[in-house]
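Examining the three-dimensional arrangement
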Amino acid sequence: MNAAEAYEKIVRPLLFLIDPETAHNFAIGFLRRASQVELVLRGFRRFQPAAKPKTVFGMRFPNPVGLAAGFDKDGVALPALAALGFGFIEIGTVTAKPQPGNPRPRIFRFSEQQALINRLGFNNDGADLVANRLRQWRESGRWPAIPVGINIGKSKTTPLDQAPADYLHSFRRLRKFADYIVLNVSSPNTPGLRSLQERESLSILLRAIREENRTDKPVLIKIAPDLSTPELEAIIVSCEENHVAGIIATNTTLNHSSIPTARDEAGGLSGAPLREKSTALVRDITARSTIPVIASGGIFDLESAREKFEAGAELLQVYTGYIFRGPGLLREIVGGLK
Ligand SMILES: Cc1cc2nc3c(=O)[nH]c(=O)nc-3n(C[C@H](O)[C@H](O)[C@H](O)COP(=O)(O)O)c2cc1C
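This text gives an overview of the structure that appears in the document. Given the structure is predicted, the values throughout are model-derived calculations rather than measurements.

**Some remarks on the packing of helix H6 (residues 163–174) against helix H7 (residues 199–212)**
Two quantities define a packed helix pair, namely the angle between the helix axes and the distance between the axes. In the contact formed by H6 and H7, the axes pass within 10 Å of each other and the chain directions differ by 35 degrees. The handedness of the crossing between H6 and H7 comes out as right-handed. Together, Pro164, Tyr167, Leu168, Phe171 and Arg172 of H6 and Ile204, Leu205, Ala208, Ile209 and Glu212 of H7 make up the contact between the two elements. Its residues assigned to classes, the contact of H6 with H7 comprises eight nonpolar, no polar and two charged.

This is the structure in structure tokens:
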């Protein structure tokens with residue numbers, strides 16, 4: 001039995017018996033410990049997909065399929081995740097201050113719909129502690145040989161009008177460890193955060209980061225799928241004016257129409273039901289701008305991955321699809337790409 005079969009036949013059925021956040025903590029705990037043991041990392045590397053290098057933002061990616069933000073929020077498992085064969089890893093969302101997130105339960109699994117709803121609310125160790133951890137990875141010699149993005153967001157207790165200072169704190173602490181930085185303005189689980197996508201607020205935030213960004217670190221923004229065309233157009237203008245290096249499309253959706261009402265929960269929906277909507281957004285962006293797009297939303301197989309490239313994406317990120325499919329997903333997509 002290979003790793004893909006072992007995941008789908010044994011690991012996933014066991015993980016899906018338990019509460020989703022407990023399953024997540026178990027998985028991340030395993031990957032965290034695996035990150036310390038070279039022999040285990042070597043075992044993981046045997047299942048890596050073949051190299052399909054691609055250069056974006058002037059950076060070389062060994063393959064175009066990355067791990068989306070939210071899986072390793074605190075950067076505890078970088079070596080293991082790299083060994084599994086992702087083309088890049090995005091950690092975070094990290095906020096300036098450490099915070100516990102919303103009360104549990106806060107992740108919900110919908111197997112039939114191949115979807116998750118989460119309302120985690122940026123539970124994370126905070127920028128200072130994460131920076132220390134990343135420094136330790138660097139010093140340990142286990143820093144991965146693939147691009148690492150760091151996704152930053154606003155602390156819950158920081159008022160919206162002080163958001164730029166909050167992002168700046170994380171930017172300053174974390175930039176030296178990041179190959180690119182993502183400004184997350186699209187999580188539905190921090191009250192008011194999505195309003196930072198509005199023209200005026202977004203311009204203020206982008207200008208503040210740009211003035212600080214003397215080393216010209218690639219700065220991307222991650223947007224919601226629930227945007228109207230005029231809202232999207234305003235975002236693109238703002239990104240172009242402020243030299244934003246890329247757009248991640250998309251975060252989770254607030255449209256829960258695919259979920260039976262009796263089982264619905266507050267939060268952001270990810271997975272298969274998000275696929276079409278987020279592909280449409282990728283298409284809308286690439287039709288209007290040459291800003292590179294990283295596609296995220298409902299990638300479950302080679303076909304859904306191809307759809308994102310055909311819509312104009314340069315790179316992909318997976319999250320929910322990886323939970324459902326495991327390491328076989330990466331091999332299927334990367335192996336199937338030309
Ligand atoms: C449990 C969970 C936690 C997430 N946390 C974050 C986060 O902290 N920051 C972020 O930008 N996106 C977060 N996301 C969104 C994912 O990065 C991704 O953009 C989204 O789930 C759509 O992709 P998917 O359909 O492949 O899951 C999270 C998603 C899930 C399911």
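Past the structure itself, the notes keep going.
**Points about the site of the ligand**
Taken together, 23 residues surround the ligand, and among them Ala69, Thr93, Ser296, Gly298 and Thr320 come closest. The backbone of Gly271 places a nitrogen or oxygen atom 2.9 Å from an oxygen atom of the ligand. Within the side chain of Thr320, a nitrogen or oxygen atom sits 2.5 Å from an oxygen atom of the ligand. Here the ligand, which alone exposes 600 Å², has 98% of that area covered by the protein. Those elements that place two or more of their residues in the shell around the ligand are strand S4 (88–95), strand S6 (115–118) and strand S11 (268–271). Of the residues assigned to the shell around the ligand, the class counts are six nonpolar, 15 polar and two charged.

**Quick notes on the packing of aromatic side chains**
Under the criterion given, the structure shown has nine aromatic pairs. Relative to Tyr319, the ring of Phe71 has its centre 5.8 Å away and its plane inclined at 75 degrees; by these criteria the two rings are edge-to-face. In this pair, Phe71 is assigned in the loop between strand S3 (65–67) and helix H4 (78–83) and Tyr319 in the loop between strand S13 (315–318) and helix H11 (320–325), connecting sequence segments 248 residues apart. What links up through ring pairs into an aromatic cluster is the set Phe57, Phe61, Phe88 and Tyr180. Between Arg109 and the ring centre of Phe16, over which it is positioned, the NZ or CZ distance is 4.4 Å.

**Quick notes on helix H8 (residues 229–241)**
Compared with the 18 Å implied by 1.5 Å per residue over 13 residues, the 18 Å span of H8 between its first and last C-alpha is a close match. Among all positions of H8, only Leu232, Ala234, Ile235, Ile236, Ser238 and Cys239 are buried. Contacts made by the buried residues of H8 are with H7, strand S9 (219–223), strand S10 (246–249) and helix H9 (275–288). Directly after H8, the chain includes His243, whose backbone phi takes a positive value near 55 degrees.

**A closer look at the side chain of Thr279**
When you line up the elements, Thr279 lands in helix H9. Among the polar contacts made by the side chain of Thr279, one reaches the main-chain carbonyl oxygen of Arg275 at a distance of 2.9 Å.

Rules used throughout
Throughout, a residue's number is its position along its own chain's written sequence, starting from 1. Selection of residues for local features in this predicted model requires a pLDDT of at least 70, selection of side-chain atom pairs for listing and counting requires 80 or more, and totals for whole chains, interfaces and linings are taken over all residues. Water and hydrogen atoms were dropped before computing side-chain values, which therefore reflect all heavy atoms in the structure. Simply put, an axis is a line fit to the C-alpha atoms, just over the touching stretch for a helix, and the angle between two N-to-C directions goes from 0 to 180 degrees. Numbering of helices and strands runs from the N terminus; a helix is a DSSP stretch of H or I covering at least four residues, while a strand is a stretch of E covering at least two. For any helix crossing, the convention is left-handed if the near helix is rotated counterclockwise from the far helix by under a right angle, and right-handed if that rotation is clockwise. A contact between two residues is defined here by any heavy atoms of the two lying within 4.5 Å. For this scheme, ten residues count as nonpolar: Ala, Val, Leu, Ile, Met, Phe, Trp, Tyr, Cys and Pro. Four count as charged, namely Asp, Glu, Lys and Arg, and the remainder, Gly too, count as polar. When at least one non-hydrogen atom of a residue lies within 4 Å of a molecule or strand, that residue is treated as near it. Contacts described as polar in this section are N or O atom pairs within 3.5 Å, which, within protein, must combine one atom able to donate a hydrogen with one able to accept it, while residues neighboring in sequence count only if both atoms come from side chains. In these tables, accessible area is a Shrake-Rupley quantity obtained with a 1.4 Å probe, and a residue counts as shielded only by the protein chains included in the view. Ring geometry is summarised as follows: Phe, Tyr and Trp rings, the Trp one being its six-membered ring, pair when their centres sit within 6.5 Å, and such pairs are stacked at plane angles under 30 degrees, edge-to-face over 60 and tilted between the two. Counting as a charge over the ring demands two things of the Lys NZ or Arg CZ atom: a distance within 6 Å of the ring centre and an angle within 35 degrees of the ring normal. Multiply 1.5 Å by the residue count of a helix minus one, and that product is the helix's expected span. Per-residue accessibility, obtained with a 1.4 Å probe over protein chains only, is compared with the maximum for each type, and a residue is labelled buried under 20%, exposed over 50%, and partly exposed between these values.

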